[in-house]
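Observations on the model geometry
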Amino acid sequence: MHRFSRSEPRESALAYMRGLIAPLQRKNGWTLAEEVGHAGPDRRHRMLNRIEWDAEEVLDDVREYVVEHLGDPDAVLIVDVTGFLKKGVRSAGVQRQ
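All residue numbers here refer to positions counted from 1 along the written sequence of the relevant chain. Since the coordinates come from a predicted model, pLDDT governs what is reported: local features require at least 70, and pairs of side-chain atoms require 80 or more to be given and counted, while whole-chain, interface and lining totals use all residues. Side-chain numbers come from the whole structure's heavy atoms, not from hydrogens or water.

Comments concerning the environment of K27
Operational definition: Helix numbers and strand numbers start at the N terminus; a helix is a DSSP run of H or I with at least 4 residues, a strand a run of E with at least 2. Working definition: with a 1.4 Å probe on protein chains only, accessible area under 20% of the residue-type maximum means buried, over 50% means exposed, and in between means partly exposed. Whether two residues touch is decided by their heavy atoms; if any such pair falls within 4.5 Å, the residues are in contact. We define a polar contact as two N or O atoms separated by no more than 3.5 Å, with the added condition that, inside protein, one atom must be a possible hydrogen donor and the other a possible acceptor, whereas residues neighbouring each other in sequence contribute only through side-chain atom pairs.
Structurally, K27 is set in the loop between α1 (7–21) and α2 (29–35). K27 sits in the partly exposed class, given a relative accessible area of 41%. Not counting residues up to four positions away in its chain, the partners in contact with K27 are G19, L20, I21, A22 and L32. A polar atom in the side chain of K27 sits 2.5 Å from the backbone oxygen of L20. Within the local environment of K27, its side chain forms a polar contact with the backbone oxygen of A22, the two atoms lying 3.0 Å apart.

What follows is the structure, given as structure tokens:
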């Protein structure tokens, strides 16, 4: 990933993506950090909030990778907007949108 100027944010971005695709029941800063062996979500927060990087360029890189490695001319993309009821009353985003 050449979109990050230093190795630390690059490693944090890769760890973040690994956490996002992990089969976790809940995905929040703490569970994603624990999944990749970090003590807490600080690295991820720093990468998302303080490190300068271009999200559009990273998206282009991901799109290019998907097309190259997973693309098929006969493929069909199906988007399912099925939601699920979240638990809790105090966390952000628990109310169905």
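Here we look at a nonpolar patch on the surface
We count it as follows: Surface patches are drawn from residues lacking salt bridges whose relative accessible area is over 30%; two like charges belong together within 9 Å, two nonpolar side chains (Val, Leu, Ile, Met, Phe, Trp, Tyr) within 5 Å. Note on areas: these come from Shrake-Rupley sampling with a 1.4 Å probe, and a residue is covered only by the protein chains present in the view. The salt bridge criterion pairs a side-chain nitrogen of Lys or Arg with a carboxyl oxygen of Asp or Glu, the two atoms within 4 Å.
A cluster of nonpolar side chains, M17, V62, Y65, V66 and L70, forms an exposed patch at the surface whose accessible area comes to about 450 Å². Counting residues per element, the nonpolar patch draws most heavily on helix α4 (residues 55–70), which supplies four residues. If you trace the backbone, Y65 turns up in helix α4.

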